[in-house]
Amino acid sequence: MKGFSVCRMHGARGGAPKGAGNGRYSHGLRSEFYTTLFEENRRLNKQVREAINDLL
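None of these values were measured; they are calculated from a predicted model.

Draft legend 1. Broad picture of the overall build of the protein chain. Looking only at helices and strands, one finds one helix and zero strands in the protein chain. For the protein chain, the proportion of its 56 residues judged to be buried stands at 2%. Here the protein chain has roughly 5700 Å² of accessible surface; of this, 55% comes from carbon and sulfur atoms.

Draft legend 2. Main features of the packing of aromatic side chains. Evaluation of the coordinates by the stated rule reveals two aromatic pairs. Plain terms: the ring middles of Phe33 and Tyr34 are 5.1 Å apart, the flat faces sit at 75° to each other, and that makes the pair edge-to-face. Ring plane angle 35° and centroid distance 6.3 Å describe the contact between Tyr34 and Phe38, whose orientation is recorded as tilted. Note that Tyr34 and Phe38 are positioned in helix α1 (residues 32–55) at a spacing of four residues, about one turn of the helix. Put simply, the rings of Phe33, Tyr34 and Phe38 pair up and form one aromatic cluster.

Draft legend 3. Region of interest: the pattern of salt bridges. Taken as a whole and assessed by the stated rule, the structure comprises one salt bridge. A salt bridge links Glu40 to Arg43; the shortest N-O distance between them is 2.5 Å. Residue Glu40 and its partner Arg43 are located together in helix α1, separated by three residues, close to a single helical turn. We classify Arg43 as partly exposed; its relative accessible area is 40%.

Draft legend 4. Geometry of a nonpolar patch on the surface. Nonpolar side chains collect at one region of the surface, where Leu29, Phe33, Tyr34, Leu37 and Phe38 lie side by side and expose about 480 Å² of accessible area between them. Turning to its location among the elements, Leu29 is positioned in the segment before α1.

Rules and cut-offs
Sequence positions are assigned chain by chain, starting from 1 and proceeding in written order. Where totals are concerned, whole chains, interfaces and linings use all residues; where local detail is concerned, this predicted model gives features only for residues with pLDDT of at least 70, and gives and counts side-chain atom pairs only at 80 or more. Each side-chain value is worked out from all heavy atoms of the structure, with water and hydrogens disregarded. Going along the chain from the N terminus, every DSSP run of H or I of four or more residues is numbered as a helix, and every run of E of two or more is numbered as a strand. Burial classes follow relative accessibility: with a 1.4 Å probe on protein chains only, a residue under 20% of its type's maximum area counts as buried, one over 50% as exposed, and anything between as partly exposed. Accessible areas in this description were obtained via Shrake-Rupley with a 1.4 Å probe; residue shielding takes into account the shown protein chains only. Geometry of aromatic contacts follows a simple scheme: Phe, Tyr and Trp rings, the Trp one being its six-membered ring, pair when their centres are within 6.5 Å, and the pair is stacked under 30 degrees between planes, edge-to-face over 60, tilted otherwise. Any Lys or Arg side-chain nitrogen located within 4 Å of an Asp or Glu carboxyl oxygen qualifies as a salt bridge. Residues enter patches when they are more than 30% accessible in relative terms and free of salt bridges; like-charged ones are connected within 9 Å and nonpolar ones (Val, Leu, Ile, Met, Phe, Trp, Tyr) within 5 Å.

Take a look at the structure:
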């Protein structure tokens with residue numbers, strides 16, 4: 001194919017679409033937003049546990 005520098009099947013976007021546009025998307029529980037939310041929650045829980053242990 002002359003004149004094309006990217007794959008005609010996959011394009012130049014670098015992978016599958018994120019979120020509901022992806023065919024494997026089912027519920028969003030493990031989406032990027034919730035993953036960061038869970039990490040933040042885990043970090044805060046650790047801080048609370050450490051603070052409680054310091055008081056005891």
